[in-house]
Amino acid sequence: GRLQLEAGPLAWACYDVPDVSIAGATVRDATLSYGQKIQIDYSVQNTGMQGADSLKTMFYWSADNVFDAGDTQIATDKNGDVKQDELDDNEFKSIKFDKVEALGDGFIFAVVDGDGAHAEQDEDNNVSAAMAIDVAEAADLEILSFTARDVTLDEGQKLKLDLTVANSGETHAKKVMTTF
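Bear in mind that the values here come from a model prediction, so they are computed numbers and not experimental data. Residue indices follow the written sequence of each chain, beginning from 1 at its first position. Local features in this predicted model are restricted to residues of pLDDT 70 or higher, and side-chain atom pairs are both shown and tallied only at a pLDDT of 80 or more, whereas totals for entire chains, interfaces and linings draw on every residue. Excluding hydrogens and water, the side-chain values take into account all heavy atoms of the structure.

(A) Geometry of the overall build of the protein chain. In terms of regular secondary structure, the protein chain is built from zero helices and twelve strands. Counting from the amino terminus, helix and strand elements in the protein chain follow one another as β-β-β-β-β-β-β-β-β-β-β-β. In this description the radius of gyration comes from C-alpha coordinates, and the expected globular size is given by 2.2 Å times residues to the power 0.38. Scaling as 2.2 N^0.38, a compact globule of 180 residues should have a C-alpha radius of gyration of about 16 Å, whereas the protein chain reaches 26 Å, well beyond that. For the protein chain, the C-alpha atoms occupy an extent of roughly 95 × 30 × 25 Å along the three principal directions. Each residue is placed in one exposure class: buried if its accessible area under a 1.4 Å probe, protein chains only, is under 20% of its type's maximum, exposed if it is over 50%, and partly exposed if it falls in between. Relative to its 180 residues, the protein chain shows a buried fraction of 29%. Considering only residue pairs separated by 6 or more positions, the protein chain has 65% of its internal contacts joining residues 24 or more positions apart. Areas reported as accessible are Shrake-Rupley estimates using a 1.4 Å probe. Residue values count occlusion only from the protein chains shown. Accessible area for the protein chain stands at about 11,500 Å²; split by element, carbon and sulfur atoms hold 48% of it. His is not counted, nor are the chain ends; Lys and Arg add positive charge and Asp and Glu add negative charge. The atoms used to mark charge sites are NZ of Lys, CZ of Arg, CG of Asp and CD of Glu. For the protein chain, the distance from the average site of its 14 positive side-chain charges to the average site of its 34 negative ones is 13 Å. Working definition: helices are DSSP H or I runs of at least four residues, strands are E runs of at least two. Numbering for both runs from the N terminus. Whether two residues are in contact is decided by their heavy atoms: any pair within 4.5 Å suffices.

Structure follows, in structure tokens:
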């Protein structure tokens, strides 16, 4: 590429490179129920002087609305090739609930060229705005009471119990088994 010397000792800038950015990103439903996928629509833009091939966007969970090195990568999406002066506004990523279940409420960031595979004119424009998510707590089951139907059992007779179970969690409990 072309090199241009700028003021200062050995300073130079490279201009014949891509410059990719997240042009917009939204979460379809920011309140997630148990098992629901995070669905993100986003746009990737290349305003640089060269195409970017085999481009990837990485998705991160953060406890706050500031992207930093302490955030947790939860998914990657392959964008393919993004040509010079191209806006690819048809990107979509679905992320499984279990990727954020233990992390809880927080923020999602989309980071194009998150692996740093492309030298760019501006490396500071690759991160989307913070997208808040509210993660429902899992089912929280508690046995409130149980009683035996028969107080006395004959040999070979099965013990039958009546249980009262409460769920104080935010999600429905499925396929529950009680073991004694």
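Once you've had a look at it, read on.
(B) Quick peek at the pattern of salt bridges. The rule for a salt bridge is simple: a side-chain nitrogen of Lys or Arg has to be within 4 Å of a carboxyl oxygen of Asp or Glu. One pass over the full model with this rule turns up three salt bridges. A salt bridge links Asp 41 to Arg 28; the shortest N-O distance between them is 2.8 Å. Residue Asp 41 is located in strand β5 (residues 38-46), and its partner Arg 28 is located in the loop between β3 (20-27) and β4 (31-32); the two are separated by 13 residues in the primary sequence. Given a relative accessible area of 27%, Asp 41 falls into the partly exposed group. Owing to a relative accessible area of 51%, Arg 28 belongs among the exposed residues under this scheme. Across the pair Lys 56 and Asp 115 runs a salt bridge whose closest N-O atoms are separated by 4.0 Å. Residue Lys 56 is located in strand β6 (residues 52-62), and its partner Asp 115 is located in the loop between β9 (106-112) and β10 (131-135); the two are separated by 59 residues in the primary sequence. Judged by its relative accessible area of 38%, Asp 115 falls in the partly exposed class.

(C) Broad picture of the side chain of Glu 91. Mapped onto the elements of the fold, Glu 91 is located in strand β8 (residues 86-95). Buried and without a salt bridge, Glu 91 has Lys 93 as its closest oppositely charged side chain, separated by 9.3 Å. Under this definition, polar contacts are N or O atom pairs within 3.5 Å; protein pairs additionally need one hydrogen-donor-capable and one acceptor-capable atom, and for neighbouring residues in sequence, both atoms have to be side-chain atoms. Side-chain polar atoms of Glu 91 contact the side chain of Asn 79, separated by 3.2 Å. Excluding residues within four positions of it along the chain, Glu 91 makes contact with Ile 40, Asp 41, Tyr 42, Val 44, Asp 77 and Asn 79.

(D) Region of interest: the sheet that holds β6. At least two DSSP bridges between two strands are required for those strands to pair. Strand order across the open sheet formed by five strands is β4-β10-β9-β6-β7, with mixed pairing between neighbours. At either end of the open sheet lies a strand with only one pairing partner, and these are β4 and β7 (72-82). Here β4 runs beside β10; their pairing, made up of two bridges, is parallel. Following the sheet pairing, Thr 31 is matched in β10 by Asp 134.

(E) Representation of the sheet that holds β3. Strand order in the open sheet formed by three strands is β3-β5-β8, and the pairing between neighbours is antiparallel. Two strands close off the open sheet at either side, each with one partner strand: β3 and β8. Ignoring which end each strand starts from, the neighbouring axes of this sheet average 25 degrees apart. In the sheet, β3 pairs with β5 via seven bridges, with the strands oriented antiparallel. Every angle, taken between N-to-C directions, lies between 0 and 180 degrees, and every axis is a line fitted to C-alpha atoms, over only the stretch in contact when it is a helix.

(F) Unusual backbone geometry, seen in detail. For Ser 54, which is not glycine, the phi torsion reads 50 degrees and is therefore positive. Mapped onto the secondary structure, Ser 54 falls in strand β6. Overall, Ser 54 belongs to the exposed group, its relative accessible area being 53%. Positive phi is not limited to glycine here, since Asp 85 has a value of about 60 degrees. Structurally, Asp 85 can be placed in the loop between β7 and β8. For Asp 85, a relative accessible area of 61% puts it in the exposed group.

Bear in mind that shape data such as this cannot, by itself, settle questions of function.
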